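Analysis of the macromolecular model
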Amino acid sequence: MIRVLFNKKGGVGKSSLTCNLAAISAAKGLKTLVIDLDTQCNASQYLLNRTNSPEPRKNSLEPQSNSLEPRINSLDQITDNMAAFYDQTITFHIRKKPTIEFVSQTAFENLDIIPSSPELDQLHTKLESRHKIYKLKEGLEQLKDHYDRIYIDTAPALNFYSLSALIAADRCLIPMDCDEFSRQAIYNMMQHLAEIKEDHNPALEIEGIIANQFMARAKVPLKIINELKSEGHKVLDSKLSSSVKMRESHQVHTPLIHLAPKHKLTLELVALWQEIEVDFLTSLQY
Ligand SMILES: Nc1ncnc2c1ncn2[C@@H]1O[C@H](COP(=O)(O)OP(=O)(O)OP(=O)(O)O)[C@@H](O)[C@H]1O
Ligand SMILES: [Mg+2]
């Protein structure tokens, strides 16, 4: 299953939640891949550039050319990234590399990534003019047997890459910080999502809005959430509070499930993961 985290508004928690939900998914035993489609590379830096990095899961010095096993590396060493993936769609190659060869391992069990690159910015116009919008979908179809879950992080814009992600995904999660501007952004985005669903991806399910940095004691956030719900928008029950632990976890390149498994925000993230995986978790009981 492929999930995309999308919101045209910046700084609402897309990258933080992509990485943390993916890390929980992996920690629970699901083979999980993060795709970073934002040229800010925040998700890639979060999951790859580890200080005090533990031992790699596999020997990163092993020859890789004939191996389908993903590699572990720091971000600046990685050339097999999303830019390389897209580059081969517009360049003549004798042999097109399968998508799995663009994957790198993270230091966390079951968690891999195809990192982003600032070079995606330069490729953007060429890709658009040559109608490569379905290439991501085709590429990810090759990974069905390799990964149980794929999480895609997107830029705060409806650009070529985020549109590609929405076309490739099964489900869309919309993180929001619960202020008035965010609400306006949601209305605008829902229209775009409805159009994308109709024109390109009828299977796309809007899984829900995630209230991030939710202030339980303030009146406005709750009012905004209740109004969105009364207007028929799906808001997930699990709300995430604000904590400096999130920034700390970025600094040490370690998702919260590994950095602070008992922390309030981690438990809220696990509850959110359980909410979106309720069908899967129920199926395990039978
Ligand atoms: N629950 C939280 N508690 C505290 N800080 C948070 C929380 N969620 C996100 N943040 C912080 O808010 C900032 C923005 O988060 P993040 O980068 O994940 O958002 P984004 O939507 O990916 O941003 P962009 O649109 O620029 O890609 C970061 O500094 C992050 O540490
Ligand atoms: Mg981001």
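This text follows the structure it describes.
The present account deals with the structure reproduced in this document. Small disclaimer: the values here were computed from a predicted structure and weren't measured.

A full pass over the atoms with the stated rule returns five aromatic pairs. Relative to Y86, the ring of F85 lies with its centre 5.2 Å away and its plane at 80°, an arrangement referred to as edge-to-face. Accessibility expressed as a relative area gives 5% for F85, which makes it buried. Owing to a relative accessible area of 0%, Y86 belongs among the buried residues under this scheme. Measuring from centroid to centroid gives 5.9 Å for F85 and F102, while their planes differ by 85°, and the two rings are edge-to-face. In this pair, F85 sits in helix α3 (residues 82–90) while F102 sits in the loop between α3 and β4 (104–105), placing the two residues 17 residues apart along the sequence. Just above the ring of F280 sits the side chain of R149; from NZ or CZ to the centre is 5.2 Å. For the cation-ring pair, K239 lies above F214, with the distance from its terminal atom to the ring centre recorded as 5.7 Å.

Turning to the pattern of salt bridges, a few remarks are in order. For the structure on display, the rule yields 17 salt bridges. When the shortest N-O distance is used, the salt bridge between E207 and R3 registers 2.7 Å. Here the residue E207 occupies a position in strand β8 (residues 205–212), and R3 occupies one in strand β1 (residues 2–5), the gap between them amounting to 204 residues. R3 shares its class with E207; the two are buried. For the salt bridge of D179 with K9, the shortest nitrogen-to-oxygen distance reads 3.9 Å. Here D179 is found in the loop between β7 (171–177) and α7 (180–199), whereas its partner K9 is found in the loop between β1 and α1 (14–27), with 170 residues between them in sequence. By relative accessible area, K9 is classed as buried at 18%. Counted as one network, the salt bridges with shared partners bring together R3, R149, R171, E205, E207 and E277.

Of all nine residues making up α3, seven are buried, and the element is well covered by its neighbours. Turning to α3, the residues buried within the fold contact β2 (32–36), β5 (111–114), α4 (120–129), α5 (135–141) and α6 (160–168). The opening residue of α3, the one whose side-chain oxygen lies 3.0 Å from the backbone nitrogen of A83, is N81.

Time to look at α6. For α6, the buried fraction is high: eight of the nine residues fall into the buried class. Looking at α6, one finds that the buried residues are F160, Y161, S162, S164, A165, L166, I167 and A168. For α6, the capping residue at the N-terminal end is N159, with a side-chain oxygen 3.0 Å from the backbone nitrogen of Y161.

For the rest of this paragraph, the subject is the site of ligand 1. Around ligand 1, the structure places 19 residues, and the nearest of them are G13, K14, S15, S16 and S243. A distance of 3.5 Å is found between an oxygen atom of ligand 1 and a side-chain nitrogen or oxygen belonging to H250. Expressed as a share of its isolated accessible area of 620 Å², the protein-covered part of ligand 1 is 87%. Elements supplying a minimum of two residues to the shell around ligand 1: α1 and α9 (244–251). Among the residues forming the shell around ligand 1, the class breakdown is four nonpolar, 12 polar and three charged.

Our next topic: unusual backbone geometry. The phi torsion at H131 lies on the positive side, around 55°, for a residue other than glycine. The phi dihedral of Q213 is positive, around 50°, even though this residue is not glycine.

Turning our eyes to something else, we now look at the state of the cysteines. Tallied over the entire structure, the rule returns zero disulfides. A disulfide-free cysteine, C19 has its sulfur positioned 12 Å from the sulfur of C41, the nearest such atom. Overall, the relative accessible area of 6% leaves C41 in the buried class.

Moving on, we come to the nonpolar core. A general feature of soluble globular proteins is that nonpolar side chains tend to end up buried together. Core analysis: the biggest nonpolar cluster contains 49 residues, and I35, L37, M82, Y86, L136 and I152 have the highest contact counts within it. In terms of residues, this core owes the most to one element, α6, which gives six residues. When neighbours within four sequence positions are excluded, L136 is seen to be in contact with L37, M82, F85, Y86, I152, S164, A165 and A168.

Let's shift gears to the environment of H200. When you line up the elements, H200 lands in the loop between α7 and β8. Exposure remark for H200: the relative accessible area of 30% places this residue in the partly exposed category. Separated by 14 residues in the primary sequence, H200 and F214 place their C-alpha atoms 33 Å from one another. A polar contact is formed between the side chain of H200 and the side chain of Y134, at a distance of 2.9 Å.

Cut-offs applied
- Residues numbered from 1 in each chain as written.
- Chains lettered and ligands numbered in written order.
- Predicted model: local features only at pLDDT ≥ 70, side-chain atom pairs only at ≥ 80, totals over all residues.
- Heavy atoms only, no water.
- Phe/Tyr/Trp six-rings, centres within 6.5 Å; stacked < 30°, edge-to-face > 60°.
- Buried < 20%, exposed > 50% of the residue type's maximum accessible area, 1.4 Å probe, protein only.
- Helix = DSSP H or I, 4+ residues; strand = E, 2+ residues; numbered from the N terminus.
- Lys NZ or Arg CZ within 6 Å of the ring centre and 35° of its normal.
- Salt bridge = Lys/Arg side-chain N within 4 Å of Asp/Glu carboxyl O.
- Contact = heavy atoms within 4.5 Å.
- Polar contact = N/O pair within 3.5 Å; in protein donor to acceptor, adjacent residues only side chain to side chain.
- Near = heavy atom within 4 Å.
- Areas by Shrake-Rupley, 256 points an atom, 1.4 Å probe, with all protein chains shown as cover.
- Nonpolar A, V, L, I, M, F, W, Y, C, P; charged D, E, K, R; others polar.
- Disulfide = S-S within 2.5 Å.
- Core = buried A, V, L, I, M, F, W, Y, C linked by side-chain atoms within 4.5 Å.

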